Amino acid sequence: MFLNNPEYVRIGDKKYKINTDFRVAIECINIAADTSIGEYEKALAVIYKLFGDDGLNNPKDYEELKRLGQLYLNLGKELEDSNEEPDMDFTQDRKYIRSSFIQDYKYNPYELEYLHWWDFYNDLNGLSNSEFGNCCVLNRIRNLRTCDTSKIKDRKERDKIIKAKKEVELKKVKKEIKLSKEEEDSVREFYRLMRGE
């Protein structure tokens, strides 16, 4: 469906430009995880973040934009249901992501004016991760979070790992969306139009 680093999606004869910066993708992921937002509002927010007013102003394309948006955020792969607990969070682990990118790639993604989501994600998954010590800080944290302590026989070592896991565990927090004034105005205008005013 998608080529490398897509910039647009097409529905029929209409082309929609994707806001491809990795920070936008992370916002969309946070929106999708926010339990205080209804599913319809989540879909509209993600459509707006990825496709702007052009996407929001074409209700007939919402379902396909939602599907294509999810496909884009998942790097062109169909979303698979998984019961696995996440081992990282883009917001909570930002400092580890930053340090790891600087260590492995010699750049800080958060200081770049623009970085395509797919490039960011691929670099994230390419960070050093070795059992022999050559491992970036993010992957050391992720490995610790997923460590199965039941397999550690030595009680002192197991207690030490359990304590370390608690120190870096992901916090279950309700994520809030912060919209700019322009985004809030656009959403209000959308609802006004939907009500037929």
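Asks: Tell me what's going on with the overall build of the protein chain, and back it up with residues and numbers.
Replies: A count of helices and strands for the protein chain gives 8 helices and 2 strands. Going residue by residue from the N terminus, the α and β elements of the protein chain occur as β-β-α-α-α-α-α-α-α-α. Contacts in the protein chain between residues far apart in sequence, at least 24 positions, make up 61% of those at least 6 positions apart. Only carbon and sulfur atoms are counted for the fraction: they give 49% of the accessible area of the protein chain, which is about 12,900 Å².

Asks: I'd like a description of the pairing of strand β2 (residues 14-17), backed by residues and values.
Replies: For strand β1 (residues 8-11) and β2, the ladder comprises 4 bridges, and the chain directions are antiparallel. When the bridges of β2 are listed, I11 appears paired with K14.

Asks: Run through the side chain of N139, naming residues and quoting values.
Replies: Tracing the backbone through its elements, the reader meets N139 in helix α6 (residues 137-146). The class of N139 is buried, set by a relative accessible area of 6%. In this structure the side chain of N139 is engaged in a polar contact, spanning 3.0 Å, whose partner is the backbone oxygen of S128. Setting aside its immediate chain neighbours within four residues, N139 contacts L127, S128 and N129.

Asks: Tell me about the side chain of T20, residues and numbers included.
Replies: The residue T20 is located in the loop between β2 and α1 (22-33) in this model. Within the structure, T20 has its side chain in polar contact with the side chain of Y114 (distance 2.5 Å). Setting aside its immediate chain neighbours within four residues, T20 contacts P6, E7, Y72, Y114, L115, H116 and W117.

Asks: Report on the nonpolar core, specifying residues and quantitative values.
Replies: Membership of the largest hydrophobic core comes to 47 residues, with the highest contact counts inside it found for L50, I97, W117 and F120. Where this core is concerned, the elements lending two or more residues are β1, α1, α2 (39-56), α3 (62-73), α4 (94-105), α5 (117-125), α6 and α7 (155-168). Beyond its immediate stretch of four places on either side in the chain, F120 contacts F22, I26, F90, I97, F101, P109, Y110 and L115.

Asks: Report on unusual backbone geometry, specifying residues and quantitative values.
Replies: Note: most peptide bonds trans; most residues except glycine with negative phi. Residues other than glycine seldom take positive phi values, yet N5 does so here, at roughly 45 degrees. Inspection of the secondary structure assignment puts N5 in the segment before β1. Of note in this structure, K106 is not a glycine but carries a positive phi near 65 degrees.

Asks: Explain α2 to me, and be specific about the residues and the numbers.
Replies: For α2, built from 18 residues, the straight-helix expectation of 26 Å at 1.5 Å per residue is missed by more than 12%, its first-to-last C-alpha distance being only 16 Å. Its maximal kink placed at L50, α2 deviates by approximately 105 degrees. Inspection of α2 places K42, A43, L44, V46, I47, Y48, K49, L50, F51, G55 and L56 among the buried residues, and these make up the whole buried set.

Asks: Please provide a residue-by-residue account of the pattern of salt bridges, values included.
Replies: Tallied over the entire structure, the rule returns 10 salt bridges. With a shortest N-O distance of 3.3 Å, E7 and K17 are connected by a salt bridge. Remark: K17 occurs in strand β2 and E7 occurs in the segment before β1; sequence separation between them is 10 residues. Assessed through its relative accessible area of 31%, E7 is described here as partly exposed. On the accessibility criterion, K17 (44% relative accessible area) is partly exposed. When the shortest N-O distance is used, the salt bridge between R23 and D21 registers 2.7 Å. Classification of D21 as buried rests on a relative accessible area of 9%.

Cut-offs used in this document
Residues numbered from 1 in each chain as written. Predicted model: local features only at pLDDT ≥ 70, side-chain atom pairs only at ≥ 80, totals over all residues. Heavy atoms only, no water. Helix = DSSP H or I, 4+ residues; strand = E, 2+ residues; numbered from the N terminus. Contact = heavy atoms within 4.5 Å. Areas by Shrake-Rupley, 256 points an atom, 1.4 Å probe, with all protein chains shown as cover. Pairing = 2+ DSSP bridges. Buried < 20%, exposed > 50% of the residue type's maximum accessible area, 1.4 Å probe, protein only. Polar contact = N/O pair within 3.5 Å; in protein donor to acceptor, adjacent residues only side chain to side chain. Core = buried A, V, L, I, M, F, W, Y, C linked by side-chain atoms within 4.5 Å. Expected span 1.5 Å × (residues − 1). Bend = angle between axes of the 7 residues up to and from the residue. Salt bridge = Lys/Arg side-chain N within 4 Å of Asp/Glu carboxyl O.

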